[in-house]
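Structural description and commentary
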Amino acid sequence: MITETFDNKSEAIINLIKKPDAVKVDVCIVTFSHEIEKYVADNYASEEIADLWSASGKTPIYLIESDNKRIAFFRTFVGAPITSALIEDSTVELDCYKYVLFGGAGCLNKEIAHGKVMVPTAAYRDEGTSYRYAPASDYIDIPNSKIVEKFMSENKIPYALGQTWTTDSFYRETRNNFEKRRADGCISVEMESAGVQAMCIFRNLDLYVFFTSGDLLDAPEWDSRFEADGDKGQHDVGHFRMALELAKYVVEAQ
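Bear in mind the structure is a predicted one, so any value in this text is a computation, not a measurement. (Residues numbered from 1 in each chain as written. Predicted model: local features only at pLDDT ≥ 70, side-chain atom pairs only at ≥ 80, totals over all residues. Heavy atoms only, no water.)

Thoughts on the overall build of the protein
When you go through the protein residue by residue, the secondary structure sums to six helices and twelve strands. Principal-axis analysis of the C-alpha atoms places the extent of the protein at approximately 55 × 45 × 35 Å. Split into buried and exposed, the 254 residues of the protein put 50% on the buried side. Taking all contacts inside the protein whose residues are at least 6 apart in sequence as the whole, residues at least 24 apart take part in 75%. Taken as a whole, the protein presents about 12500 Å² of accessible surface, with 49% of it coming from carbon and sulfur. In the protein, 27 side chains carry a positive charge and 41 a negative one; their mean positions are 3 Å apart. (Helix = DSSP H or I, 4+ residues; strand = E, 2+ residues; numbered from the N terminus. Buried < 20%, exposed > 50% of the residue type's maximum accessible area, 1.4 Å probe, protein only. Contact = heavy atoms within 4.5 Å. Areas by Shrake-Rupley, 256 points an atom, 1.4 Å probe, with all protein chains shown as cover. Lys, Arg positive; Asp, Glu negative; His and termini not counted. Charge placed at Lys NZ, Arg CZ, Asp CG, Glu CD.)

This is how it looks when you write it as structure tokens:
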């Protein structure tokens, strides 16, 4: 069974080996939007410092220098397997142990106003990746949620705090499962948190996560919110600037 696949008794067949000349950075920001990637490359990046390669092609890692901090940035793809793997690959190229992850997520509670960011405290493990990195359980805690919450509060950024539902298949978010997860206290649904957090705990990395409230599941019919999405949702460059300030904040908090 998938819930029995965690194995810390034998060696992995493929292992990560950090390069001797790995580039030292203070923190790395990871997101999903190709529009934000272009914005960062055009307006913030001083250079490309490394490349990650897969069958999908090259993923460049950019360097941002801000307030005497060296901050890496790269764009990942949707889903826990590839996002976890790219972060793992980045640890070969980078001397870095702090990662800020942000992007869009579905909203499970209509009382959460559109425009707030969502800060997940724990992730329901309705995916496969996390079971390779942590013993089976329904939820995995997101331990740095308190730091992200403190950052949002101190900077007067509207946010909602609660559990998230990590799924592998958004076309199988059924009404019954939605009701169960909402009753549990989940306020969002996305495809990365559980897997990435489990991997980060296993690899001794610090993860800091927040989401943009996107489509609404808490409605008689699915509401994409696209037409009313004047701020471009997860492509909103303002959320990158928020992530950049959070990245500098977690460096100072060490």
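Moving on from the model shown.
Considerations on the confidence of the model for the protein
Taken over all residues, the pLDDT of the protein has a mean of 90, while the share at 70 or more is 91%. Counting interchain partners and residues more than four positions distant, the pLDDT-below-50 stretch residues 215-230 has 35 contacts. (pLDDT = per-residue confidence, 0-100.)

Here we look at helix H3 (residues 145-154)
What H3 keeps buried is the set Ser145, Val148, Phe151 and Met152. An end-on view of H3 places all buried positions within 120° of arc, on one side of the element. (Arc of directions from axis to C-beta.)

Some details on the pattern of salt bridges
As a working rule, side chains carrying opposite charge can pair if their charged atoms are close by. In total, this model carries 13 salt bridges according to the counting rule given. Across the pair glutamate 93 and lysine 19 runs a salt bridge whose closest N-O atoms are separated by 3.0 Å. Of this pair, glutamate 93 sits in helix H2 (residues 80-93) while lysine 19 sits in the segment before strand E1 (23-24); the two residues are 74 residues apart in sequence, bridging distant segments of the chain. Where arginine 75 meets glutamate 37, a salt bridge forms, and the shortest distance between an N and an O atom there is 2.9 Å. You can see arginine 75 sitting in strand E5 (residues 69-75) and its partner glutamate 37 sitting in helix H1 (residues 34-43), a full 38 residues away along the chain. The pair arginine 75 / glutamate 37 is uniform in exposure class, with both members buried. In the salt-bridge network here, residues are joined through shared partners; they are Asp67, Glu245 and Lys248. (Salt bridge = Lys/Arg side-chain N within 4 Å of Asp/Glu carboxyl O.)

Re the nonpolar core
With 37 residues, the main nonpolar core has Cys28, Ile61, Phe74, Ile87, Leu94 and Tyr99 as its most contacted residues. Looking at which element gives the most residues to this core, the answer is helix H5 (residues 193-202), with five residues. Ignoring sequence-local partners within four residues, the contact set of phenylalanine 74 consists of Cys28, Ile29, Val30, Thr31, Leu52, Thr59, Pro60, Ile61, Leu86, Ile87 and Ser90. Counting residues in hydrophobic clusters, the runner-up holds 28 residues, among them Phe102, Phe240, Leu246 and Ala247. (Core = buried A, V, L, I, M, F, W, Y, C linked by side-chain atoms within 4.5 Å.)

Quick notes on the packing of aromatic side chains
Given two aromatic rings, their pairing is described by the distance between the two centres and the angle made by the two planes. Scanning the model with the defined rule gives ten aromatic pairs in all. One aromatic cluster is present, built from ring pairs that chain together Tyr39, Tyr44, Tyr62, Phe73 and Phe240. When the ring centre of tyrosine 131 is taken as origin, the NZ or CZ atom of arginine 125, which lies over that ring, is 4.2 Å away. (Phe/Tyr/Trp six-rings, centres within 6.5 Å; stacked < 30°, edge-to-face > 60°. Lys NZ or Arg CZ within 6 Å of the ring centre and 35° of its normal.)

Here we look at H5
Owing to its 3.6 residues per turn, the α-helix brings residues three or four apart onto one side. With eight of ten residues buried, H5 is to be regarded as a mostly interior element. Those residues of H5 lying buried are Ser193, Ala194, Gly195, Val196, Gln197, Ala198, Met199 and Cys200. After H5 finishes, the residue asparagine 204 shows a positive phi value of roughly 60°.

So, the pairing of strand E8 (residues 117-126)
A large share of E8 lies buried, amounting to eight of its ten residues. As defined by bridge partners, E8 adjoins strand E9 (residues 139-141) across three bridges and the pair is classed as antiparallel. Within the sheet, the bridge partner assigned to alanine 123 lies in E9 and is isoleucine 140. (Pairing = 2+ DSSP bridges.)

Things to note about the side chain of serine 66
With respect to the element layout, serine 66 can be found in strand E4 (residues 57-66). A polar contact of 3.0 Å, which involves the side chain of serine 66, links it to the side chain of lysine 248. (Polar contact = N/O pair within 3.5 Å; in protein donor to acceptor, adjacent residues only side chain to side chain.)

Describing the pairing of strand E11 (residues 186-190)
Taken across its five residues, E11 has five buried, putting it largely inside the fold. For strand E7 (residues 98-107) and E11, the ladder comprises two bridges, and the chain directions are antiparallel. Bridge pairing in E11 places cysteine 107 opposite serine 188. Taken together, the four bridges between strand E10 (residues 159-167) and E11 define a ladder with parallel strand orientation. Across the sheet, threonine 166 pairs through a bridge with glutamate 190, a residue of E11.

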